[in-house]
Amino acid sequence: MGKPKVIVTRRWPEAVEKKVSELFDATLNTGDTPLTVAELQDALKTADAVLCTVTDKMTAEVLGVDGKQAKMLGNFGVGFNNIDIEVAKAEGLVVSNTPEILTDCTADIAMTLLLSVARRAGEGERHLRGGQWTGWRPTHMMGTKVTGKKLGIIGMGRIAQAVAKKAHFGFDMKIAYFDPYLPDPDAVNKTMDAESRGSIEDVLADSNFVSLHCPATAETRHLMNAERFKAMQASAFLINTARGDVVDEAALVAALKAGDIAGAGLDVYECEPDVTRELTEMENVVLLPHLGSATLETREGMGFRVVTNVEAFFAGKEPPDRVA
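Residues numbered from 1 in each chain as written. Predicted model: local features only at pLDDT ≥ 70, side-chain atom pairs only at ≥ 80, totals over all residues. Heavy atoms only, no water.

A. Representation of the sheet that holds strand 6 (residues 150–154) within the structure. Read from one edge to the other, the open sheet built from 7 strands follows the order 8-7-6-9-10-11-12, with strand pairing classed as parallel. This sheet does not close on itself; its edge strands, each paired only once, are strand 8 (195–196) and strand 12 (285–287). Looking at chain direction, strand 6 and strand 7 (residues 174–178) are connected through 5 bridges and run parallel. Looking at strand 7, one finds that Gly 152 is bridged to Ala 176. Most of the contacts of helix 11 (residues 249–258) go to strand 11 (residues 263–266), to which it runs at about 145°, and overall it touches strand 10 (237–240), strand 11 and strand 12. (Pairing = 2+ DSSP bridges. Helix = DSSP H or I, 4+ residues; strand = E, 2+ residues; numbered from the N terminus. Contact = heavy atoms within 4.5 Å. Axes fitted to C-alpha atoms, helices over the stretch in contact; angles between N-to-C directions.)

Written out as structure tokens, the structure reads:
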């Protein structure tokens, strides 16, 4: 039998593409142009596995195409809300993701956003590059101290725990969190002297910073809405490195304009790659283009993790990161 045929929907790190090409009959997306619905459907009809990314919308329309040859979707990303999992299961498609590998780098970005928005780093750089800086003075561009403050965390999975450790041990921050699904809160509480709260509102009430780490589900869509922004302290900052639709961006804009919260640091957006225009015009908002896992080490690790799952599947073994 020949090598399994796979289609890679976007450019991947060079070392990973080389490995994919060695192991499989691979079609690479050298132009790195997002595939259309028709092209994704064609990929499912002509390949044994489609190696997709979190930006590929694998909807019922795509997955339900007639004449499918594909038996597996190897998703490049820990999140898989880009895939209609129930339809994938109904269509007999195995789905895998890439957990664990991006934990530290995404946590690093959360801390980058937290520090940047608190200390007005983005605003300060624009000020300097724009030739507006006239020299040091005691009242110039004063921000908010981070060390010793309270960090509220919504969702306490791997990435959130990595953020909590960096914040607690690196900046002596106090940790409060809400996660009704955490299997062993006592271990987390003991490790970081953290405090588990009974509701999201309990976390919001006294946190100086609120960092979101929930998956994108029907339950978490617009989890941060107008009411919850009003439940935050007016001096508090929102940090989001989870998924964009966890935040109601219109409500966030309104909260920032009204002074309900002091600022926000965002790496993900509700309608990526489109960003609400008002956010781009606010000085108290730090915006990054979904850089959570964007280090060479992590992106290569994610790619190789996809390869491991696909290789296992075609060897008749259970993919280690199977989610469907």
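B. A look at the pattern of salt bridges. Scanning the entire structure with this criterion turns up 20 salt bridges. Across the salt bridge formed by Arg 11 and Glu 17, the nearest N and O atoms sit 3.0 Å from each other. Residue classification places Arg 11 among the partly exposed residues on the basis of a relative accessible area of 40%. In this structure, Arg 158 engages Glu 100 in a salt bridge whose closest nitrogen and oxygen atoms are separated by 3.5 Å. Separated by 58 residues along the polypeptide, Arg 158 in helix 7 (residues 158–171) and Glu 100 in the loop between strand 5 (94–96) and helix 5 (103–118) bring together distant segments of the chain. The exposure class assigned to Arg 158 is partly exposed, which follows from its relative accessible area of 48%. Of the residues examined, Glu 100 reaches a relative accessible area of 42% and is grouped as partly exposed. (Salt bridge = Lys/Arg side-chain N within 4 Å of Asp/Glu carboxyl O. Buried < 20%, exposed > 50% of the residue type's maximum accessible area, 1.4 Å probe, protein only.)

C. Here's a closer look at the packing of aromatic side chains. This model, assessed by the stated rule, comprises 4 aromatic pairs. Ring geometry for Phe 209 versus Phe 237: centroids 5.4 Å apart, planes at 15°, classification stacked. Taken as a pair, Phe 209 in strand 9 (residues 209–212) and Phe 237 in strand 10 lie far apart in primary sequence, 28 residues in all. The class for Phe 209 is buried, based on a relative accessible area of 0%. (Phe/Tyr/Trp six-rings, centres within 6.5 Å; stacked < 30°, edge-to-face > 60°.)

D. Region of the structure containing helix 6 (residues 121–129). Residues of helix 6 that are buried: Gly 122, Glu 123 and His 127. The buried residues of helix 6 all sit within an arc of 135° when viewed along its axis, so they share a single face. Away from the buried face of helix 6 by more than 90 degrees, exposed residues Leu 128 and Arg 129 are located. In the core, the buried residues of helix 6 are packed alongside helix 5. Looking one or two places after helix 6, you find Gly 131, whose phi comes out positive at around 75°. (Arc of directions from axis to C-beta.)

E. Local environment of the packing of helix 7 against helix 8 (residues 185–192). The geometry of helix 7 relative to helix 8 is characterised by a closest axis approach of 10 Å and an angle of 25° between their N-to-C directions. The angle between the axes of helix 7 and helix 8 places the two elements in the roughly parallel class. Here Gln 161, Ala 164, Lys 165, His 168 and Phe 169 of helix 7 come into contact with helix 8, specifically with Val 188, Thr 191 and Met 192. Here the contact of helix 7 with helix 8 is built from residues that sort into 4 nonpolar, 3 polar and 1 charged. (Parallel < 35°, antiparallel > 145°, perpendicular 65-115°, else oblique. Nonpolar A, V, L, I, M, F, W, Y, C, P; charged D, E, K, R; others polar.)

F. The arrangement of the layout of surface pockets in detail. Approximately 170 Å³ is the volume found for the second largest pocket. Broken down by class, the residue content of the lining of the second largest pocket amounts to 4 nonpolar, 4 polar and 3 charged. (1 Å grid on protein atoms, 1.4 Å probe; cavity = no way out; pocket = protein on both sides within 12 Å on 5 of 7 lines; lining within 4 Å. Points joined across faces, edges and corners; volume = space filled by probe spheres on them.)

G. A look at the side chain of Asp 179. Among the structural elements, Asp 179 can be located in the loop between strand 7 and helix 8. Buried and without a salt bridge, Asp 179 has Arg 158 as its closest oppositely charged side chain, separated by 11 Å. Within polar-contact distance, the side chain of Asp 179 engages the backbone nitrogen of Met 156 at 2.6 Å. There is a polar contact of 2.9 Å between the side chain of Asp 179 and the backbone nitrogen of Tyr 181. Setting aside chain neighbours within four positions, we find Asp 179 in contact with Gly 155, Met 156 and Gly 157. (Lys, Arg positive; Asp, Glu negative; His and termini not counted. Polar contact = N/O pair within 3.5 Å; in protein donor to acceptor, adjacent residues only side chain to side chain.)

H. Structural context of the sheet that holds strand 2 (residues 25–27). Taken in spatial order, the 5 strands of this open sheet run 2-1-3-4-5, and their pairing is parallel. A strand with exactly one partner marks an edge of an open sheet, and here the two such strands are strand 2 and strand 5. Averaged over neighbouring strand pairs, the angle between their axes works out to 20° when direction is ignored. Here strand 1 (residues 5–8) runs beside strand 3 (residues 49–51); their pairing, made up of 3 bridges, is parallel. Residue pairing in the sheet places Val 8 in a bridge with Leu 51 of strand 3.

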